[in-house]
Amino acid sequence: TLYERTNGGWQQKLSFTGHNGEAGWKEKRKEGDLSTPAGVFTLTDAGGYLPDPGTKMPYTQDKSLRGSAEAVYGDDYTQVYDYVLAIDYNRKTGVPPTDRTRPQGKAPGGGIWLHVDHGNSTHGCVTVDREDMGTILKALDPDKNPMIAMGSADFLAR
């Protein structure tokens, strides 16, 4: 769900469906455990195989992303990285989403993105359908410090 903070408080703007990691949400995940990190994270950098769709976020087009998607998900999923939004979990900000710098080391993993859905669980990323991905990228404004809160309903209720 996309919320915007206004003078009157938080206002719901849009809602989306998608997928997360095969092993669910974890507050203390490890590299390769197929979970998605639970927590609140900033969103600072976007990119994708395709040209910038009109986002205000810093955007890096990367033609190697289709090959990366194929390597992670298989031949039928080359378009899942057409648009990506880096979730600032164990990553250096202000760099392309593909930068593999891990400030907390390799153990907690990294490379967690919001990207185009492929119809099932991920290796740790969060997905929404292609149209929603474009909507999100166009809606975010880096001057408003966009963030994502992720986790199970119980986690988010805390």
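Below is a summary of the structure that appears in this document.

The rules behind each value
- Residues numbered from 1 in each chain as written.
- Predicted model: local features only at pLDDT ≥ 70, side-chain atom pairs only at ≥ 80, totals over all residues.
- Heavy atoms only, no water.
- Helix = DSSP H or I, 4+ residues; strand = E, 2+ residues; numbered from the N terminus.
- Rg over C-alpha atoms; globule rule 2.2 N^0.38 Å.
- Contact = heavy atoms within 4.5 Å.
- Buried < 20%, exposed > 50% of the residue type's maximum accessible area, 1.4 Å probe, protein only.
- Arc of directions from axis to C-beta.
- Polar contact = N/O pair within 3.5 Å; in protein donor to acceptor, adjacent residues only side chain to side chain.
- Pairing = 2+ DSSP bridges.
- Phe/Tyr/Trp six-rings, centres within 6.5 Å; stacked < 30°, edge-to-face > 60°.
- Lys NZ or Arg CZ within 6 Å of the ring centre and 35° of its normal.

1. Observations regarding the overall build of the protein
(1) Moving on: Counting its secondary structure elements, the protein contains 3 helices and 11 strands.
(2) Moving on: Shown N-terminal to C-terminal, the secondary structure of the protein runs as helices and strands in the order β-β-β-β-β-β-β-α-β-β-β-α-β-α.
(3) Moving on: In terms of overall dimensions, the protein is globule-like: its C-alpha atoms have a radius of gyration of 15 Å, near the 15 Å expected for 158 residues.
(4) Moving on: Principal axes of the C-alpha set define a box for the protein whose edges measure 45 × 35 × 30 Å.
(5) Moving on: A fraction of 59% describes how many contacts in the protein between residues 6 or more apart in sequence connect residues 24 or more apart.

2. Considering the environment of K92
(1) Moving on: Structurally, K92 is set in the loop between β8 (84–87) and β9 (113–116).
(2) Moving on: Taking the C-alpha atoms as reference, K92 lies 16 Å from P37; in sequence the two are 55 residues apart.
(3) Moving on: With near-sequence residues (within four places) excluded, K92 lies in contact with T101 and P103.

3. Side note on helix α1 (residues 65–73)
(1) Moving on: For α1, the set of buried residues is L65, A69 and Y73. For α1, the angular spread of buried residues about the axis comes to 50 degrees, placing them on one side.
(2) Moving on: Residues of α1 that are buried make contact with β6 (39–48) and β9.
(3) Moving on: Note on α1: the residue one or two positions beyond its end, G74, has a positive phi of about 115 degrees.

4. Comments concerning the side chain of D141
(1) Moving on: Examined against the element boundaries, D141 turns out to sit in the loop between α2 (130–139) and β11 (147–150).
(2) Moving on: Classification of D141 by relative accessible area gives buried; the value is 17%.
(3) Moving on: Polar side-chain contacts of D141 include one of 2.9 Å to the backbone nitrogen of D143.
(4) Moving on: Here D141 is in contact with K56, M57 and P146, once residues within four sequence places are set aside.

5. Points about α2
(1) Moving on: Along α2, the residues that are buried comprise D132, M133, G134, I136 and L137.
(2) Moving on: Between the side-chain oxygen of the N-cap and the backbone nitrogen of E131 there are 3.2 Å, and the N-cap of α2 in question is D129.

6. Regarding the environment of G94
(1) Moving on: With respect to the helices and strands, G94 occurs in the loop between β8 and β9.
(2) Moving on: Separated by 48 residues in the primary sequence, G94 and A46 have C-alpha atoms spaced 9.8 Å apart.
(3) Moving on: When residues no more than four places from it in sequence are discounted, the contact partners of G94 are T44 and D45.

7. Brief notes about unusual backbone geometry
(1) Moving on: The backbone of L34 sits at a positive phi, close to 65 degrees, despite the residue not being glycine.
(2) Moving on: By the secondary structure assignment, L34 is in the loop between β4 (25–26) and β5 (36–37).

8. Topic: the pairing of β11
(1) Moving on: Only one face of β11 is buried, namely the one carrying I148 and M150, since none of M147 and A149 on the opposite face is buried.
(2) Moving on: Pairing between β6 and β11: 4 bridges, direction antiparallel. Residue pairing in the sheet places G39 in a bridge with M150 of β11.

9. Observations regarding the packing of aromatic side chains
(1) Moving on: Under the counting rule described, the total for this entry stands at 4 aromatic pairs.
(2) Moving on: Seen from their ring centres, F41 and Y89 are 5.7 Å apart, and the 90 degrees between their planes marks the pair as edge-to-face. Of the two residues, F41 is situated in strand β6 and Y89 in the loop between β8 and β9; the sequence distance between them amounts to 48 residues. There is no split in this pair, since F41 and Y89 are both buried.
(3) Moving on: Here the aromatic rings of Y73 and Y81 are separated by 6.3 Å at their centres, their planes lie at 65 degrees, and the arrangement is edge-to-face. Of the two residues, Y73 and Y81, both sit in the buried class.
(4) Moving on: Pairwise contacts between aromatic rings join Y73, Y77, Y81 and W113 into one cluster.
(5) Moving on: The ring of Y49 is capped by K63, whose NZ or CZ atom sits 4.6 Å from the centre of that ring.

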